[in-house]
Amino acid sequence: MNVRQQTVNAIRVLSAEAIQKANSGHPGLPLGSAPIGYTLFADFLKFNPKDTKWDDRDRFVLSAGHGSMLLYSLLYLFGYDVSKEDLKNFRQLGYKTPGHPEYGHTPGVETTTGPLGQGIANAVGMALAEAHLAATFNKEGFPIVDHYTYALCGDGCLEEGISYEACSFAGANKLGKLILLYDDNDITIEGDTGITFNEDIALRFKAQGWQVIKVDDANDLDVLKRAIRKAKADTEHPSLIICKTVIGYGSPLAGSEACHGAPLGVENLQKLKENLDWSCEPFEVPQEVADHCSAIARKGASRQGKWKRLFKDYEAAYPELAALYKKYMSNELPDLKNNEDLFAFSKPDATRNTSFTVLNKLADIIPNLIGGSADLAPSNKSNMKKRGDISASDKTGSNIHFGIREHAMAAIANGMQLHGGLRAYCATFFIFSDYMKHAMRLSALMHLPVTYILTHDSIGVGEDGPTHEPVEQLIALRSIPGMKVFRPADGKETTAAWISALTGNAPTCLVLTRQNLPQYENSGLAALKGGYILSDSEKQTPDLLLIASGSEVEQCMQAKEILKNKGVDARVVSMPCFEEFEKQPQSYKDEVLPPEVKARVCVEAGSPYSWYKYAGECGEIIGMTTFGASGPAKKLFEMFGFTAENIVEKAFRSLNKI
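Residues numbered from 1 in each chain as written. Predicted model: local features only at pLDDT ≥ 70, side-chain atom pairs only at ≥ 80, totals over all residues. Heavy atoms only, no water.

Novice: So what exactly am I meant to see when it comes to the sheet that holds strand 1 (residues 59–62) here?
Specialist: Two orientations exist for strands paired in a sheet by backbone hydrogen bonds: parallel and antiparallel. Taken in spatial order, the 5 strands make up an open sheet running 1-2-3-7-6, and their pairing is parallel. In this open sheet, the two edge strands, each paired with only one partner strand, are strand 1 and strand 6 (211–215). Going from strand to strand, the sheet's axes swing by 20° on average, the running direction of each strand aside. Alignment of strand 1 against strand 2 (residues 149–154), held across 4 bridges, turns out to be parallel. When the sheet's bridge partners are listed, valine 61 is paired in strand 2 with alanine 151. Relative to the sheet, helix 9 (residues 221–233) contacts strand 2, strand 3 (178–184), strand 6 and strand 7 (239–244), its axis offset from that of strand 6 by approximately 175°. (Pairing = 2+ DSSP bridges. Helix = DSSP H or I, 4+ residues; strand = E, 2+ residues; numbered from the N terminus. Axes fitted to C-alpha atoms, helices over the stretch in contact; angles between N-to-C directions. Contact = heavy atoms within 4.5 Å.)

Put into structure tokens, the structure is as follows:
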């Protein structure tokens, strides 16, 4: 048996051993797809295991993340910082081999995968980032951005709707350096895919503008190699390589769903080793396999050295472009907090409009800002006026037309952010954040500072009616750990929200109005703290706290004046971002919301569940406990109680509880 086949079998056995020791995991995919992973790493992937953040490395995404042991075995064999102890402790706390691949946890893992289809869309984003950066920086003789994005998926990934959205986008934009390897084994958890999934995948992808290549037997390494070489040669179209595999190959459970999501069992593991002519001790590999993989890894380090020399020559020939490239890759930002122009607003306006103003001012000073909308840019004001559009024929623009593909849009934005060198944002109506939710959750899980522009934020949408009026979405996004949700009350708060989004290490939602709002004299950078005193009482300790976010701050300001005439001295607190407010010292939070002030009214045109903490035992909450209705926004606000008069009524009710 030659060393190449030995290495394929090493991947299979290491994966099966780790899963068996953990008594948990998915051996079917690693056993079937080991030849695909090996061929990619051994013959094509441009990588340096000693520098996993090398800018010009190829990206490999295991979209079928349940097969994580395939990836961990590859990383271990090819010299990444994944040890034998990590393999022995698969799925255990404190090791680099979690159940599904986790970005930032395991060196060499390019994105967190497991939710099927997400990895495909992330890979599309990475390929888009590569294409844009290449178009921006490459010069004749200096291909400083020149790498491929590979993804491995299974039947499940292609059944998920996000894969259709993402692959349609990739084909329309001719992302020719994207290669998707399809582990076609006809099996999912419930059995043969014939009961649920029997379309012609080749025709589907051809219809989407992809090159389609078939490999009838993935165990034929030479055929696999020719297929990948053919895919790389066509840079006009993304490529799908349909690789016919056998789930659980080599084991007595081969071809059966029984090996999809459960260990093989001790006896079946032993029979696997016998079938593969494997005689090594557990978690050991032949020395020739170790030497073979080490030699390949050293070639990768050599390729990075060659790239560094190329970049040095590029710096000499194009010093300004080289400096800009370094700026992109470092994510260096200008001073935003002291830029007075960003905070200049003179008249009432919708926060979707003030966001548009801020975005375009930022576009003038942050060259690597990139993003777009799910076919709603004219309405959610998310385009950069001085930047061109990305298209199939021109990748130099910065405005992306995602089409009506919200779920893929968010996951593609994650992929662009993961790639490095770009600051990604995307936009849609707030109600459609439900379509994006899982990708947004992964943004938070990976600590990716993707900015989500979410407009038409409440019943203020008006005539479009309850299907388009967000009610429960604020509480849903606020419940995601690590997600920042800003609902600004005016232009200066919108600026602060953008600054927070660009300077933090977390995804940020900008939840913005359709209707005009006033501009407040005392708003501004204080909004970075999440909550602050917008209009204070005349007393040292106020009689009452009026707390709101976004458009409802206006009604609180009006109610404050009515209450003053009735002898009640109220403080208005603007609370644009709960997450940032909760990060503040307790002393600051007590200063803004004095614990001794029990009379409180919290106001927000959304679910009330976010507000009980701030309302306290004597407070009142004005929120939405039903869906909205179709009608003029002003009438709807009156109908559902978002008026100064109702706030005053609730204020006296709260005062009477004390």
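Novice: Looking at this structure, I do not really get the packing of aromatic side chains. What am I missing?
Specialist: As enumerated under the stated definition, the model contains 28 aromatic pairs in all. On the numbers, 5.3 Å between centres and 90° between planes, the contact of phenylalanine 137 with tyrosine 325 is edge-to-face. Pair noted here: phenylalanine 137 is in helix 5 (residues 118–137) and tyrosine 325 is in helix 12 (residues 319–330), with a separation of 188 residues, a long-range link. You'll find phenylalanine 137 and tyrosine 325 in the same group, each marked buried. Aromatic ring contacts, followed pair by pair, group Trp54, Phe137, Phe142, Trp307, Phe311, Tyr314, Tyr318, Tyr325 and Tyr328 into a single cluster. Just above the ring of tyrosine 148 sits the side chain of lysine 177; from NZ or CZ to the centre is 5.4 Å. (Phe/Tyr/Trp six-rings, centres within 6.5 Å; stacked < 30°, edge-to-face > 60°. Buried < 20%, exposed > 50% of the residue type's maximum accessible area, 1.4 Å probe, protein only. Lys NZ or Arg CZ within 6 Å of the ring centre and 35° of its normal.)

Novice: Can you walk me through empty space enclosed by the protein in this structure?
Specialist: Using a probe with the size of a water molecule, rolled over the atoms, empty space left in the structure can be pinpointed. Scanning all chains against the criterion turns up 2 cavities of 30 Å³ or more. Empty space within the largest cavity amounts to approximately 50 Å³. Around the largest cavity, the lining residues are Leu369, Gln417, Arg423, Ala424, Tyr425, Pro449, Thr451, Trp498 and Leu502. Breaking the lining of the largest cavity down by element, the ones donating at least two residues are strand 10 (423–429) and helix 18 (491–503). The dominant element in the lining of the largest cavity, judged by the number of residues it contributes, is strand 10, at 3 residues. Its residues assigned to classes, the lining of the largest cavity shows 6 nonpolar, 2 polar and 1 charged. Counted as a void, the second largest cavity has a volume near 30 Å³. (1 Å grid on protein atoms, 1.4 Å probe; cavity = no way out; pocket = protein on both sides within 12 Å on 5 of 7 lines; lining within 4 Å. Points joined across faces, edges and corners; volume = space filled by probe spheres on them. Nonpolar A, V, L, I, M, F, W, Y, C, P; charged D, E, K, R; others polar.)

Novice: Could you clarify how one ought to interpret helix 5 in this entry?
Specialist: Since the α-helix packs 3.6 residues into each turn, any two residues three or four apart lie on the same face. Taking 1.5 Å per residue, 20 residues should reach 28 Å; helix 5 reaches 29 Å between its end C-alpha atoms and fits that length. Burial within helix 5 is extensive, with 18 of its 20 residues counted as buried. (Expected span 1.5 Å × (residues − 1).)

Novice: I would appreciate a short explanation of the pattern of salt bridges in the present structure.
Specialist: Oppositely charged side chains can form a pair if their charged atoms are brought close together. Inspection of every chain in the model, using the stated rule, returns 30 salt bridges. The shortest N-O distance in the salt bridge between glutamate 604 and arginine 478 comes to 2.8 Å. Separated by 126 residues along the polypeptide, glutamate 604 in the loop between strand 17 (600–603) and helix 22 (612–615) and arginine 478 in helix 17 (residues 473–478) bring together distant segments of the chain. By relative accessible area, glutamate 604 is classed as buried at 1%. (Salt bridge = Lys/Arg side-chain N within 4 Å of Asp/Glu carboxyl O.)

Novice: Explain unusual backbone geometry to me, please; I cannot follow it from the model alone.
Specialist: Peptide bonds are, in most cases, trans, and in most cases residues other than glycine have a negative phi. Positive phi outside glycine occurs at lysine 174, with the angle close to 50°. Counting through the fold element by element, lysine 174 comes out in the loop between helix 7 (161–172) and strand 3.

Novice: What should I look at first to understand the environment of glycine 79 in this one?
Specialist: Inspection of the secondary structure assignment puts glycine 79 in the loop between helix 3 (68–77) and helix 4 (84–88). It is 51 Å that separates the C-alpha atoms of glycine 79 and asparagine 353, two residues lying 274 residues apart in sequence. Apart from residues lying up to four places away in sequence, glycine 79 is in contact with Pro49 and Lys50.

Novice: Teacher, can you tell me more about the sheet that holds strand 14 (residues 532–535) here?
Specialist: Taken in spatial order, the 5 strands of this open sheet run 14-16-15-17-18, and their pairing is mixed. On the outer flanks of this sheet lie strand 14 and strand 18 (620–622), each paired with one strand and no other. Each strand of the sheet is rotated relative to its neighbour by a mean of 25°, with strand direction disregarded. For strand 15 (residues 544–548) and strand 16 (residues 570–574), the ladder comprises 5 bridges, and the chain directions are parallel.

Novice: Can you help me understand a negative patch on the surface in this one?
Specialist: Taken together, Asp216, Asp217, Asp220 and Asp222 make up a surface patch of like negative charges. Among the structural elements, aspartate 222 can be located in helix 9. Classification of aspartate 222 by relative accessible area gives partly exposed; the value is 48%. (Patch = residues over 30% accessible without salt bridge, like charges linked within 9 Å, V, L, I, M, F, W, Y side chains within 5 Å. Areas by Shrake-Rupley, 256 points an atom, 1.4 Å probe, with all protein chains shown as cover. Lys, Arg positive; Asp, Glu negative; His and termini not counted. Charge placed at Lys NZ, Arg CZ, Asp CG, Glu CD.)

Novice: Looking at this structure, how should I read the state of the cysteines?
Specialist: Covalent bonding between the sulfur atoms of two cysteines is what defines a disulfide. Within this structure, the stated rule accounts for 0 disulfides. Here cysteine 602 is not disulfide-linked; the sulfur of cysteine 556 is the nearest cysteine sulfur, at 8.7 Å. (Disulfide = S-S within 2.5 Å.)

Novice: Please clarify how the nonpolar core should be interpreted in this entry.
Specialist: Where a protein is soluble and globular, its nonpolar side chains tend to be buried together. Within the largest apolar cluster, 143 residues are counted, with the highest numbers of intra-cluster contacts made by Phe78, Tyr150, Leu180, Leu181 and Ile241. Sorting elements by how many residues they give to this core places helix 5 first, with 12 residues. Setting aside its immediate chain neighbours within four residues, phenylalanine 78 contacts Tyr38, Phe41, Ala42, Phe47, Pro49, Cys293, Ile296 and Ala297. Residues Ala363, Ile459, Ile499 and Ala644 belong to the second largest nonpolar core, which totals 71 residues. (Core = buried A, V, L, I, M, F, W, Y, C linked by side-chain atoms within 4.5 Å.)

Novice: It is not clear to me how the pairing of strand 3 should be interpreted in this structure. Could you clarify?
Specialist: Counting buried positions over the 7 residues of strand 3 gives 7, a clear majority of the element. As paired elements, strand 2 and strand 3 share 6 bridges and run parallel to each other. Its bridge partner lying in strand 3, tyrosine 150 is registered against isoleucine 179. Pairing of strand 3 with strand 7, which is carried by 6 bridges, proceeds in the parallel orientation.

Novice: What is the right way to look at the environment of alanine 317 in this model?
Specialist: Along the polypeptide, alanine 317 turns up in helix 11 (residues 287–317). Looking at alanine 317, the relative accessible area reads 42%, which means it is partly exposed. A C-alpha to C-alpha distance of 9.8 Å links alanine 317 and lysine 139, two positions 178 residues apart in sequence.

Novice: I would appreciate a short explanation of helix 11 in the present structure.
Specialist: A rise of 1.5 Å per residue sets the reference length of helix 11, with its 31 residues, at 45 Å; its end C-alpha atoms lie 46 Å apart and thus fit the reference within 8%. On the buried face of helix 11, the contacting elements are helix 1 (3–22), helix 2 (28–44), helix 3, helix 5 and helix 12.

Novice: Would you take a moment to explain the packing of helix 1 against helix 11 for this structure?
Specialist: Each packed pair of helices is defined by two parameters, the angle between the axes and the distance between the axes. Contact geometry for helix 1 and helix 11: axes closest at 9 Å, N-to-C directions at 95°. With respect to each other, helix 1 and helix 11 are oriented roughly perpendicular. Across the interface between the two elements, Val3, Arg4, Gln6, Thr7 and Ala10 from helix 1 touch Glu288, Val289, His292 and Cys293 from helix 11. Here the contact of helix 1 with helix 11 is built from residues that sort into 4 nonpolar, 3 polar and 2 charged. (Parallel < 35°, antiparallel > 145°, perpendicular 65-115°, else oblique.)

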